[in-house]
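Summary of structural features
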Number of protein chains: 2
Amino acid sequence: MAEDLRDSDTLLFLTDAQLRRAIEAMFFAYRGFTADPDRILSERGYGRAHHRAIHFIQRAPGSTVTNLLAILGVTKQSLNRVLRTLIEDGLVESRVGPHDRRERHLYLTDAGAELEAELSTAQRARMRAAFREAGPEAVAGFRQVLEHMMDPELRRLFAAAREGDR
Amino acid sequence: MAEDLRDSDTLLFLTDAQLRRAIEAMFFAYRGFTADPDRILSERGYGRAHHRAIHFIQRAPGSTVTNLLAILGVTKQSLNRVLRTLIEDGLVESRVGPHDRRERHLYLTDAGAELEAELSTAQRARMRAAFREAGPEAVAGFRQVLEHMMDPELRRLFAAAREGDR
DNA sequence: CTTGGAATGTCAACAAGGCTGACGTAGTTT
DNA sequence: AAACTACGTCAGCCTTGTTGACATTCCAAG
């Protein structure tokens, strides 16, 4: 009881200044997080939007456009512009749905998988390094806070996907 | 010794799939992180770029343009476009440097401070809620990982600023 | 079998916010 | 006096987001 009080009131008492620092940390960290992929992408004339599409197609091969739209939270016009270039460049393949022929199912080609691997490897390396330097206890905390910072519906989707991976 | 080994090799062994999930968590969390300010800003016809400028002027009142440029990592043309609208709208004041009259020192006006408070309050509320739900141990870990995800020079600057706040 | 609606794609136009390059002006330093 | 620095600005370009309108294709319900 006294323990609980200490936990919530003392250990978790955070001043506005501390919260502001955490906000800045999030900003700077996200910059680091995207820096390596951004470099690789710009060499090929792509941007982050391409990375996001490629990432989630790798994550869920055969995903429909509508599905991707919901995950990415952009308009179909915006996504379509990106997908078109990726398809033209032979990185993504769009197959007509086997059951519902209106749907387009998206897959990475070998070239697409290659770029995805390059991007992912760079980003995972940065993430792994940060985890290693921060230590094992920090990693669990990091992930918990991140999940709770998401919008509730997204957190549900994310948690479901996490479970589904097992 | 055996403890150390277990920590680094067992507890910190992360599969690529786990790292990929952490990457996605970072992406979704950042969206949540910016969602509330984005709403407030769009009501006023501003964007994230304005938020960043306002935030760091609040953080370091009297900061010069060059200084802000270094922190934000954008070109002066890009920053200037944002600063101009903020100055025109009476949210930011630009004073000629007292020692070096080439410099412009930036300050929030009362109206600027008001918007900053609104943005910061919303963002801190989300951060505080995430921290509360994740628990006290998670918070320290979260911050450690974030710091190690930054680019090294930025981490130095950030750490220095953190110390300077005390 | 027709028709409504869903899924997809496309055209056009626009805005924010990045970028480069060039240039001007004021002020400081050498 | 010359060189450098800080800042602002004009012009033009790109990516990536937006809205709105419209065509096509196809499933499914009436």
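Residues numbered from 1 in each chain as written. Chains lettered and ligands numbered in written order. Predicted model: local features only at pLDDT ≥ 70, side-chain atom pairs only at ≥ 80, totals over all residues. Heavy atoms only, no water.

The local shell around DNA strand C holds 25 residues, among which T66 of chain A together with G47, R52, T75 and R81 of chain B are the closest. Here DNA strand C approaches the protein such that, of its atoms within 4 Å, sugar and phosphate make up 55%. The contact in question runs from a phosphate oxygen of DNA strand C to an N or O atom on the side chain of N80 of chain A, over 3.1 Å. Take T75 of chain B: an N or O atom from its main chain is 2.7 Å from a phosphate oxygen of DNA strand C. (Near = heavy atom within 4 Å. Polar contact = N/O pair within 3.5 Å; in protein donor to acceptor, adjacent residues only side chain to side chain.)

By size, the foremost hydrophobic cluster in this structure holds 89 residues, and its most contacted members are M26, F142 and M149 of chain A together with M26, F142 and M149 of chain B. Among residues more than four places away in sequence, those in contact with M26 of chain A are L146 and M149 of chain A together with M26, A29, Y30, F33, F142 and L146 of chain B. (Core = buried A, V, L, I, M, F, W, Y, C linked by side-chain atoms within 4.5 Å. Buried < 20%, exposed > 50% of the residue type's maximum accessible area, 1.4 Å probe, protein only. Contact = heavy atoms within 4.5 Å.)

Contacts between the two partners involve 61 residues from chain A and, on the opposite side, 60 residues from chain B. With both sides pooled, the region where chain A packs onto chain B buries about 6,500 Å², and carbon together with sulfur makes up 69% of that total. For chain A, the biggest contributors to the area lost against chain B are R20, R21 and M149 of chain A; these three give 10% of the whole. Here chain A is connected to chain B by ten salt bridges. In this structure, E24 of chain B engages R59 of chain A in a salt bridge whose closest nitrogen and oxygen atoms are separated by 2.6 Å. Linking chain A to chain B there are 24 residue pairs in polar contact (both at pLDDT 80 or more). Among the secondary structure elements, those contributing two or more residues to the side of chain A that touches chain B are α1 (2-11), α2 (16-43), α3 (48-59), α4 (65-72), α6 (110-134), α7 (136-149) and α8 (152-164) of chain A. Sort the elements by how many residues they give to the side of chain A that touches chain B and α2 of chain A lands first, with 18 residues. Split by residue class, the side of chain A that touches chain B holds 31 nonpolar, ten polar and 20 charged. (Buried area = accessible area lost by both parts, 1.4 Å probe. Salt bridge = Lys/Arg side-chain N within 4 Å of Asp/Glu carboxyl O. Helix = DSSP H or I, 4+ residues; strand = E, 2+ residues; numbered from the N terminus. Nonpolar A, V, L, I, M, F, W, Y, C, P; charged D, E, K, R; others polar.)

Turning our attention to the pattern of salt bridges. Summed over all chains, the structure comprises 22 salt bridges over all chains. Put simply, D151 of chain B and R126 of chain A hold a salt bridge, and the shortest N to O gap is 3.0 Å. Taken as a pair, D151 of chain B in the loop between α7 (136-149) and α8 (152-164) and R126 of chain A in helix α6 lie in two separate chains rather than in one. Owing to a relative accessible area of 27%, D151 of chain B belongs among the partly exposed residues under this scheme.

Here we take up the relation of the copies chain A and chain B. Between the two chain copies there is a screw-like relation: a rotation about an axis and a shift along it. Of the transformation superimposing chain A on chain B, the axial component is 0.0 Å and the angular component is 180°, with the fit at an RMSD of 0.1 Å. Given the turn and translation reported, the copies of this chain are related as if by a two-fold rotation axis. Within chain A, F142 of chain A has its C-alpha nearest the rotation axis, a separation of 1.9 Å. A symmetric contact is evident, with 98% of the interface residues of chain A recurring at the interface of chain B. (Least-squares fit on C-alpha atoms with pLDDT ≥ 70 in both.)

The next point concerns helix α6 (residues 110-134) of chain B. End to end, α6 of chain B covers 35 Å across 25 residues, agreeing with the expected 36 Å (1.5 Å per residue, within 8%). Remark: G135 of chain B follows α6 of chain B within two positions and exhibits a positive phi of approximately 95°. (Expected span 1.5 Å × (residues − 1).)

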